[in-house]
Each structure stands twice: as structure tokens, then as C-alpha cells.
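Overview (structure and organization)
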Amino acid sequence: MNQKVRVRFAPSPTGGLHLGGVRTVLFNYLFAKQQGGDFIVRIEDTDQGRFVAGAEEYIFNTLKWCGLEPDESPLHGGPYAPYRQSERKANYRQYAEQLVKDGFAYYAFDTPEELETKRKEVANFQYNQFTRGNMNNSLTLSADEVKEKLVSTPYVIRIKMLEDETVVFTDMIRGEVSFNTSQVDDKVLLKADGMPTYHLAVVVDDYLMKISHAFRGEEWLPSAPVHILLWKYLGWGNDMPQWAHLPLILKPDGNGKLSKRDGDRLGFPVFAMDWTDPKTNETTTGFKERGFLPEAFVNLLAMLGWNDGTDREIFTLAELVEKFSMERVHKGGAKFDYEKAKWYNHEWIKELGVGSLELGVRSEFEKKGIVISDDSLFEKVIGLVKDRCTLLPDFVAQGSFFFQSPATIEVDAIKPKWDDKKNMFFTELIRAYELSSVWEMHDLEREFKELAAANQLKPGELMLPFRIMLVGGKFGPGVFDIAALIGKEETVKRIQNTLQLLQA
RNA sequence: GGCCGGUUCGUCUAUCGGUUAGGACAGCCCCCUUUCACGGGGCAAAGACGGGUUCGAUUCCCGUACCGGCUACCA
């Protein structure tokens, strides 16, 4: 038995990492760290047809952003290198051959075309114990023919499933799961190009890398018997990892597994970070670029299928490491709810201090071409505005007017009720503010109200116009907070500007 | 079609045989706020169905329905 906890995330580099993928990483990571174990990332690039340039790099960037750094990987190195299956190609054949020798597998010479026509002829055709006797393989051909074909034609190696046996295993989430071998087909283990299929490769590499617990999506459950039999046939039964098949993340509407298309369709990200398909040059936006904080992203993913048994919903990564338990992971899939996802981000924005927000917020401003030169003002603005921001770009919407004059002034909001009295008031306000020696929120408010009273105007009628002048629209923090922060000169300038606009 | 898995408010979920079935998101209402939010308070909203087992089932068992996954020389 393996003593040390070692888990692995084994993605195939075919595109962006979506919610389900990152959650699988997360649960692996949480379990490993809690048990003082190792978290390994192994790249399963055995299908050269589906390989996508840049996908591997993307995966590691995503893990870095989420704070889920592997202990071993092609990037981080480790004692079981290489961690890319394409680089381990030479390993697999011997095990497949061993299985043939031991009678657990056989050579098959049927071409992909032959199989395809077969599948067209016979509905639901399966290459299994009932059909393999009619196919081209080392079970039906004479020894000489096999020997001849082995050198002259391409071939695959297929597992030879037992006739009628029950394969039982205990899943950490689902409990006992069993399959009858008569229902599972003779899966290809080694492809004609010499590459292993997933089935062979996971088993061999999990064994070689001493993996103690294998977590993966529920879509793998049906092939679990193949893998379990392989562990047995290869003689490694005692070292087999414990399995856990994670529930799927489903579409918010309708049914089915969440896919990239759903995000496009429903207008929310499904990838962790922006992903640009090198073939089409199409970019799919990610949670990061949408303005999610990694803390929130990790948090919301953890709660999709797991909870600590209390009403608590906000957890740091460290807290998740402490509280996580596979026993509390759900069996059923969860529909993804983008509104709830945003709520997590909002909670995290409120939770985090100005200092932790600064970097991300700054880059949002830069994206919009707004240069922040006054750091102390910047920090004050973040503090003033953060409670009303859900996503990082909201900081720009809520705070750009602190750094530059509003692009547009909604004069229409005040025009209908505008009159000479108000015009006079603001003209006098300019004078009064220009004369003030201190520039502090409470004083500004007091002066404002005194002047209103002197002009027999209710402050209520003047607040909105004043806000529009400073902000450009009906939103933002308290007006006097804003005036105090942007300073005398700027306040006066904005009042004057709007007064002119109202004149026109 | 076959195999496997799943099923509590619209959504995410709590409950490990006895509860007015709890919380959160979204929705609606009110308060706060002379903006928009935040915040506070409230309303509405659920055990798929049918059988068992039991003094008692959301909880255990069986069946049905529904949903999902898989059924490739893809992972």
C-alpha cells in the first residue's frame, strides 16, 4: 500500500481550463495539502490529433492564478519525470505486451475504416466478447498470420474483458459501485501509432508515480472497471489508488454538462482565464478577465459540490484545506449559477483590504486608459467605493470620475427643474468654496447647507444637481466625500462646466 | 437501445428516523440612504411518484418516472 498521499490532476492539453477542470484541481489540491501529501500535474497528451499549442502553458498559468501550485509537474520537475505522457511513450508498450503475454489482452488488426463500416452496419456495435470472435485479431487468426501481420500491418492492443464477472470497487464519494464485465467492451489500450490510450496510460502512470488517490470527473465512472481490471492484470492490485468520481458541473438552464458554448450563449465565463484558440483565433473570456478575484473563484468552485456542514459559505484557501473532506462531496451534479458566482466575488471584494485590491483595480483603470498618479488618492477611492463593486471593472465605473472629469454629464436629469435660483446658488457656492481655507468633507457639507438655507432652497433639491456636476450621473458615494477627495480646484471646475452646459 | 450514476425551494445546499424541513443566491416588499449601492428587516418558495420497513420516514429498502454520464485507435 502507498503510505504517502499523492494525487494528480491529469488534463489533456486541448484548450482552456473550464470550471469543472479547475474544481477537479481544487479538490485534488485540498485533499493533498490537508493530508500533507503531494499534488502532481501530469499532462495527458497522448492524442496528437487533439493537441493544441499553448494549452499546457495556459493550464499552468491558471493554476498559478488560483494559487494551486503543483509539487511536481513538467514545469516544476520532480522525481518521477517526465510528466508529459508523450515523453513517456516508450514506457507503455511493454505493459501492453505483458498483458497480451498473460492472456489479458490481444492484438487487433481491424482498420479504423473496417470498424466504421461495422458500426454503420450493426447498430450499437461493440468490440467485445460477443463480437471479437468475428474480427481480425490474434484470437481469431492463426499464430503464423498474427506473426506476419504484426510486422506488415498496423495494429492495436485491446483488453480482453472477462465473460461474466462483477467488478466492485469503493468510490470515496459514491460508496460501492459495481459493473458486470459482460457489459464493458474490449477497449483499445495501445493505439496503432504506439501511443497508449487514456486507459492504459492512467493506470501505468498512476502506478509509476505512486498515486494514492485518483480523483476525476464522473464522466470517467463507466471506464473505471477497465482501469481496475488493468491494475489487477498488471499485478499491481495492492497499490491501486482510492477512487473518487466528482459530480459534474451542469448548464444553468436546460440540462447537460456545462460547456464553453453555454458561456458564450448565456453571457458568462466558463474558462478560468481568457483562452484564445490558436486555430480560429477566437478568444473566450475567463473569470479572471471578467474581474473575478482568485480568492472568490476558488471559493465558489469549492462550494459547487461541497460544504462544511454549516451555513458558512466564505472560505479562504487555507480554510478549505483545513475543512475539506471527500465524504462531504455531493454525488449529484450542480447547475452553475453565475449570479451566485458574482455574489462570492462581491463578498471577497468587501472582505479584502484596500492593499490586496490595489493591483487588480489599477490594471482595470489602465485598461481604460486612466493613469493613476496619486497613490494615496487611489487608495482612498478604493476604500470608498469597494462595497458597491461586484466585479473588478466596477471600480472603474464607480471611481473613474475621481481621476478625470466625467466624460458625459447627464444634464437632462437636472434640466427640467433648473432655474435661476439654483443657478445663483451654485454660482455663490463656487465663490464660497474658493474662499474656504480647509477642504474637508464636513465643512463642505456645512457650507453647502448654510448657503442653501440663505437662499431659501432645500438641500434636497440641490444634492442631485451637485452630484451630476461632480460625477456625471446618478451614482457613486456621498457627494461631499467626492468633493473632498477631488479637491477644491477640480470641484469648482466641474460646477462651472455644468453651469455652462446648462446655459447652452 | 445498453450500462452506470443522480433526484430537498427557480438555483446552490443543511438535515446522518422524530425539525414549524434551516441557510445562501435570485425574486418581491419595507427600512436606511436627499444619488446608486452597501446594510438591516420581512414575504414567497422544496422532500419526483408509488410501494414497503418502522410507533414514526426527506432520511433505510424496492419499483417507476425524470435528469445526467458513458457507449471512439478522445480524453
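Treat the numbers as computed from the prediction; the structure is a model and nothing was measured.

Parameters at a glance
- Residues numbered from 1 in each chain as written.
- Chains lettered and ligands numbered in written order.
- Predicted model: local features only at pLDDT ≥ 70, side-chain atom pairs only at ≥ 80, totals over all residues.
- Heavy atoms only, no water.
- Buried < 20%, exposed > 50% of the residue type's maximum accessible area, 1.4 Å probe, protein only.
- Helix = DSSP H or I, 4+ residues; strand = E, 2+ residues; numbered from the N terminus.
- Pairing = 2+ DSSP bridges.
- Near = heavy atom within 4 Å.
- Polar contact = N/O pair within 3.5 Å; in protein donor to acceptor, adjacent residues only side chain to side chain.
- Nonpolar A, V, L, I, M, F, W, Y, C, P; charged D, E, K, R; others polar.
- Contact = heavy atoms within 4.5 Å.
- Axes fitted to C-alpha atoms, helices over the stretch in contact; angles between N-to-C directions.

Next up on the list: the pairing of strand β4 (residues 156-159). Judged by which residues are buried, β4 turns out to be covered on both faces: Val156 and Arg158 on one side and Ile157 and Ile159 on the other are all buried. In this sheet, β4 lies alongside strand β3 (residues 105-108) in antiparallel orientation, the contact comprising 4 bridges. Within β4, the position partnered with Tyr107 by the bridge is Ile157. Strand direction decides the pairing type here: β4 and strand β7 (residues 188-190), joined by 2 bridges, are antiparallel. When the sheet's bridge partners are listed, Ile157 is paired in β7 with Leu190.

In the vicinity of RNA strand B, 64 residues are found, and the nearest of them are Gln126, His330, Lys350, Arg388 and Gly476. Sugar and phosphate atoms form 72% of the subset of RNA strand B atoms that lie within 4 Å of the protein. Arg50 places a side-chain nitrogen or oxygen 3.2 Å from a sugar or linking oxygen of RNA strand B. With respect to RNA strand B, the side chain of Asn307 contributes an N or O atom lying 2.9 Å from a sugar or linking oxygen. Residues of the surface near RNA strand B, tallied by class, amount to 20 nonpolar, 19 polar and 25 charged.

Examined against the element boundaries, Val361 turns out to sit in helix α13 (residues 354-367). Taking the C-alpha atoms as reference points, Val361 and Val321, separated by 40 residues in sequence, lie 28 Å from one another. With residues up to four places along the chain from it excluded, the contact list for Val361 reads Phe378, Ile382, Leu392 and Phe395.

For the rest of this paragraph, the subject is the sheet that holds β3. Read from one edge to the other, the open sheet built from 3 strands follows the order β3-β4-β7, with strand pairing classed as antiparallel. Only two strands of the sheet have a single partner each, and these edge strands are β3 and β7. On average, adjacent strands in this sheet sit at an angle of 45° to one another, irrespective of strand direction.

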